[in-house]
Structures are given as structure tokens and as C-alpha cells.
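Here is what each chain is made of, one letter per residue.
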Amino acid sequence: MNTSFVRGILGRLLIFYSLTMLFPFTLSIYLQDGSSIGLFMAFLLTFISGISLATRGNIDQMDLKIREGYAIIVGIWLLAPLYATLPFLFTGAIPSGIDAWFEAVSGITTTGATILPNIANMTDSVLLWRSITHWLGGMGIVLLYIAILPSIGMNSYHLFRSDILGPATDKIVPRLKDTAKALLGLYMFFTITQAILLVLAGMPILEAINHSFSTIATGGFSTKDASIAYYNNAYIEIITIIFMIISGGSFALYFQASRKGGLARIYKDTELRTYLAIIATCSILISIDLMIRNSANASTAFLDSLFQVSSIITSTGFVSADYETWPNFSKMLLFILMLIGGCTYSTAGGIKILRYIVLFKTSWAELKKMVHPKVVTSITINDKTIDHIMVTTILQFFFLYILTLFVSALIICGISNAELFESLSIAATSLGNIGPGFGIIGPTTTFAELNEGTKFLCTMLMILGRLELITVIVFLRPEFWRSKSSW
């Protein structure tokens, strides 16, 4: 492996990453909130570290192969949260190292789980940094780098592909840099649009920016302890619902529809239609359950259920109601949604809708073969045939995801005081990058009660979930390091 090339790219990514710390630093100076020195120290240390790595590396040969791609992706997703802890530590906002690491990993992986018992005590500039980590992690640091900075070669597709969530492999436009710019353009458009609408709905401008960063990245960090429920504003909830659903859909599909096909192309997409159908069905079922068992008002029940369904399936994690008080049927539906996730090319976590569609169609095809052994079947989605390699990869991912989920839940049972369902909830919400769960990590509590071992395990699950398991597993295999072949 060309370690010099890897160091060079990681150094440049860190330099780019450090510059984003100047935004909360500038805000701190403007507000004079006392965090400016700590934020500047964090920027300076990150910038110097980036310069050090970059000068010790060499990217002139553009020698980016698959192995270097894996190393860079895993490297930046470990370095990014590590340096994201510095603003928390240097400003004194989170004095504990493990807690600062947890908050940083949760931010950059867009999980939105927090250990902060009182967010109101945080300065506005530090809260902005929390939201920025969401926004950077949502679309991907590497993707932003490819879109903004000079090209690092044709093989940078290995980086791009590893930083995009889901099994999709198609490029949006022929040139990779144009693809990255197209996705970034949509990402910024939705972010700005939501922020403006939230301000018009009555949310203060700085809070609107924070919540917009969190929503479009499907992160879930809020500036209030009660999350969106704090505002008690139906317009704010509706705006947030709309943009959570948008962010859980495919950005690639949105771009393609904007160029050709319009809304008709969006409507014809199998994955998006399935995604919207799941949201609608679960929202209706939960609202009926709330009306029958909790005697809830019809409009309130539907708005609350639609908000929480949208929040969970997109892995955003915002809260508009205490769903711990909901009937067991409703809570079980929300837990199932934690295992589903949004669409490919979205910022949502979870297993992804497309994988479930492929698994369902594969199972149905195998059942047909049992009845008609000689029949020839092919799996198609949106008139495109899914090849055997993708089916195998999806089966592999699904098995590893479920195995990781249950093994992690078992470990959490052993090292913490969490009960069985709480342990499963902790594992599911961390691996799926969702945020709040049930029990001790419910919508009105935080992860602060967990012991340090459980917090650290949760951060590892967050990173595994954000990188979709296989990237990290390949990186950890001995032959990845021992093999001398060029791959």
C-alpha cells in the first residue's frame, strides 16, 4: 500500500476539515461568548496536524487504488471525530474525554445521540460546531473534498463510492467531480431552504441554521433539551417532517429528476415509492393506535406519529413527543423502523430500502423456482436488472448487520445495567445512526447514564454503521495489510 499517498490525502482532508472550525470561532468572537480561544486552539491544532501529514505524504503520482481508498476512508472517519473532540475539550463544554469523543462521533456519523444533560448551558458557537459536524458527516467529508478541491485522480471513485450510503453504484453524471458538485449543490439548496422556512415559522435564525444542518444531514442534534417539542409549533414540525422525508430520499434521484423527467421520474422510482408507502402506512397505524389506546386527538395523533415515523426511518432522531408513553404496538413499529432506514444516495442510516426490495424480490424468485424449477428469473428495479454480484453483496451486508446488532446487544447486556430490550435498542440506534431509543436512552433522556465501556462500544457501532460495515471489516482483515498485490 502506498502509505505516502494515504498520508498526503489525509493531511489535505484534515486541513480542509480544520477550516470549518473557523465558522464557530467567528461566531464566538461576534457573540463574545467566551469560547473563541478554545475554538481557535482546536482549529490551530487540527490545521497543524493536517500540514504535518500532508508534507510527509506525496500525491503527485495519483496512485489511488482500492486498498488506498479503504485506508483513506477509514482513516478520515477516525481522525474527523478525534479532532472534533477538541472544540468540546478546549472550550470546557465537555471536560470528559470519553464524553467528548462520544459527542463528536455521534455528530460526524449523524447519529444525534448525546451525553449532554443540559444543552442550554452550551454556548451558541459550540452548538454550531455540533451541528456542523452533522452537516459535514451527512454528505461525507470526502465527497465535499472532491466537490470543492482539486482532483486527486480518476481512481478517486473508490473514495466517492465508499463515502456514499447504500448499494447504488451509478454515477449521476459522467465526471466524478461533477457528480460530487451536483450532490453538494442539492445538499446546500435544501439546507438553505429549510433554514429560511424555519425562520419564517418563528424559529430564531441561529437555531434555524442549527436545525437545518441537523435535518438535512438526518442527524438530530438540537439546540434544546426537548428537541423540536420545545417549540410547540405545528408549522415548525411540518417543515421539519418535509425535509426529514426529503433527506431520507435519494439525492441522486432528485438531481436526475431536475434534469429530465421531473416529478414523474420521482414517482416511478420503486425505492422512493416503497419508502413513502412505509412512512404513510406506519403513521396511519400508529395514529389509530394512539387514538384507540391513548384517547389522543386525531390531528395531534397523526402529526405526532408522522413526525416520529419520519424521524426514525430517516435516522434523524428529532423528537416531537414522548413516544415512551405510547402503546407497545406503536413502540414496536418504531423499533422496526430503526432497522429499515432511508433510500440509497441519501443521508439516512439503517439498512436501506433498496436492500430490502432486492432481498424480497430474490426470495420471491427462489420461491417461484421451487414450484417451477426450470423457470428463468431476473430481478429488476426501475427496469434495470440487478446482477448476481449485487445480490450477493446485499445478502452479505444484511447478515453482517444483523449479526453485529445482536452480538453488540449481548455485549451491552453484559457490561451495563441495561435491560434486554434496552440493550437491543442501544445497539440498534447506534448501528443505525438514529439517536434516541427506548428505556434509559429514550426521547426524554440522554446516553449520559451509560458507563464508559458502553459509550465506547456505541461509538464503534456508530462508525461501523456510517461506513456500512464492509469497509471497516475489509480494512481490519490481515490480508489487507499482508498482501503485496496491487489492488
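Residues numbered from 1 in each chain as written. Predicted model: local features only at pLDDT ≥ 70, side-chain atom pairs only at ≥ 80, totals over all residues. Heavy atoms only, no water.

**Here's the deal with the overall build of the protein chain**
Looking only at helices and strands, one finds 22 helices and two strands in the protein chain. In the protein chain, buried positions account for 60% of the 487 residues. For the protein chain, the proportion of contacts with a sequence separation of at least 24, taken over those separated by at least 6, is 72%. Put simply, the protein chain shows about 20300 Å² of open surface, and 66% of that area lies on carbon and sulfur atoms. (Helix = DSSP H or I, 4+ residues; strand = E, 2+ residues; numbered from the N terminus. Buried < 20%, exposed > 50% of the residue type's maximum accessible area, 1.4 Å probe, protein only. Contact = heavy atoms within 4.5 Å. Areas by Shrake-Rupley, 256 points an atom, 1.4 Å probe, with all protein chains shown as cover.)

**A short note on the packing of helix H4 (residues 66-90) against helix H5 (residues 97-108)**
Think of two packed helices as two axes; the pair is described by the angle between the axes and how far apart they sit. Where H4 meets H5, the closest approach of the two axes is 8 Å, and the angle between their N-to-C directions is 125°. The angle between H4 and H5 falls in the class oblique. Both H4 and H5 take part in a crossing whose hand is right-handed. Along the contact surface, H4 presents Trp77, Leu78, Ala80, Pro81, Leu82, Ala84, Thr85, Phe88 and Leu89, while H5 presents Gly97, Ala100, Trp101, Glu103, Ala104, Val105 and Ile108. (Axes fitted to C-alpha atoms, helices over the stretch in contact; angles between N-to-C directions. Parallel < 35°, antiparallel > 145°, perpendicular 65-115°, else oblique. Left-handed = near helix turned anticlockwise from the far one by under 90°.)

**Focus: unusual backbone geometry**
One non-glycine residue with positive phi stands out, namely Gln32, at about 50°. The class for Gln32 is exposed, based on a relative accessible area of 71%. Although it is not a glycine, Tyr345 sits at a positive phi angle of roughly 60°. Within the element layout of this structure, Tyr345 appears in the loop between helix H16 (328-338) and helix H17 (353-371). Here Tyr345 falls in the buried class, since its relative accessible area comes to 7%.

**Looking at the environment of Thr281**
Here Thr281 is to be found in helix H14 (residues 270-293). Distance from Thr281 to Val309, taken between C-alpha atoms, is 9.8 Å for residues 28 residues apart in sequence.

**Description of the pattern of salt bridges**
Counting across every chain of the model gives seven salt bridges. With a closest N to O distance of 3.9 Å, Glu324 and Lys331 form a salt bridge. The class for Glu324 is partly exposed, based on a relative accessible area of 24%. Through salt bridges with shared partners, one network takes in Lys352, Arg355 and Glu468. (Salt bridge = Lys/Arg side-chain N within 4 Å of Asp/Glu carboxyl O.)

**Things to note about the side chain of Ser212**
Relative to the elements of secondary structure, Ser212 occurs in helix H10 (residues 205-216). With relative accessibility at 0%, the residue Ser212 sits in the buried group. Ser212 has contacts with Phe190, Thr191, Gln194, Ala195 and Leu198, leaving out every residue within four places of it along the chain.

**Structural notes on the environment of Leu89**
Mapped onto the fold, Leu89 is located in helix H4. Leaving out residues up to four positions away in the same chain, Leu89 has contacts with Ile94, Pro95, Ser96, Gly97 and Ala100.

**Some remarks on the packing of aromatic side chains**
Under the definition given, this model contains 19 aromatic pairs. Look at Phe190 and Tyr254: their rings are 5.8 Å apart centre to centre, the planes differ by 85°, and that puts the pair in the edge-to-face class. Of this pair, Phe190 sits in helix H9 (residues 176-200) while Tyr254 sits in helix H12 (residues 251-259), and the two are 64 residues apart along the sequence. Note on accessibility: Phe190 and Tyr254 belong to one class, buried. Through a chain of ring-to-ring contacts, three or more aromatic side chains come together here, namely Trp135, Tyr187, Phe189, Phe190, Phe213, Phe251 and Tyr254. The lysine or arginine in question, Arg130, covers the ring of Phe221, its NZ or CZ lying 3.8 Å from the ring centre. (Phe/Tyr/Trp six-rings, centres within 6.5 Å; stacked < 30°, edge-to-face > 60°. Lys NZ or Arg CZ within 6 Å of the ring centre and 35° of its normal.)

**Describing the nonpolar core**
Within the largest apolar cluster, 135 residues are counted, with the highest numbers of intra-cluster contacts made by Tyr17, Phe251 and Leu334. Broken down by element, the residue count for this core peaks at 12 residues, all from H4. Not counting chain neighbours up to four residues away, the residues in contact with Leu334 comprise Ile286, Gln308, Val309, Ile312, Tyr323, Trp326 and Phe438. (Core = buried A, V, L, I, M, F, W, Y, C linked by side-chain atoms within 4.5 Å.)

**Concerning the packing of helix H18 (residues 388-415) against helix H19 (residues 420-431)**
Close contact between H18 and H19 brings their axes to 8 Å; oriented N to C, the two are set at 130°. Judged by the inter-axis angle, H18 sits oblique to H19. Read as a crossing pair, H18 and H19 show a hand that is right-handed. Contact residues: H18 offers Tyr401, Thr404, Leu405, Phe406, Ser408, Ala409, Ile412 and Cys413, while H19 offers Leu420, Ser423, Leu424, Ile426, Ala427, Ala428 and Leu431. Among the residues forming the contact of H18 with H19, the class breakdown is 12 nonpolar, three polar and no charged. (Nonpolar A, V, L, I, M, F, W, Y, C, P; charged D, E, K, R; others polar.)

**Here's the deal with H16**
Every buried residue of H16 is accounted for by Ser330, Lys331, Leu333, Leu334, Phe335, Leu337 and Met338. Buried residues in H16 make contact with H14, helix H15 (298-313) and H19.

**Observations concerning H4**
The periodicity of an α-helix, 3.6 residues per turn, causes residues three or four positions apart to be oriented the same way. Look at H4: 37 Å from first C-alpha to last across 25 residues, which is about the 36 Å you get at 1.5 Å a residue. Of all 25 residues in H4, 20 are buried, a share of seventy percent or more. A positive backbone phi angle near 80° is found at Gly92, which sits one or two residues after H4. (Expected span 1.5 Å × (residues − 1).)

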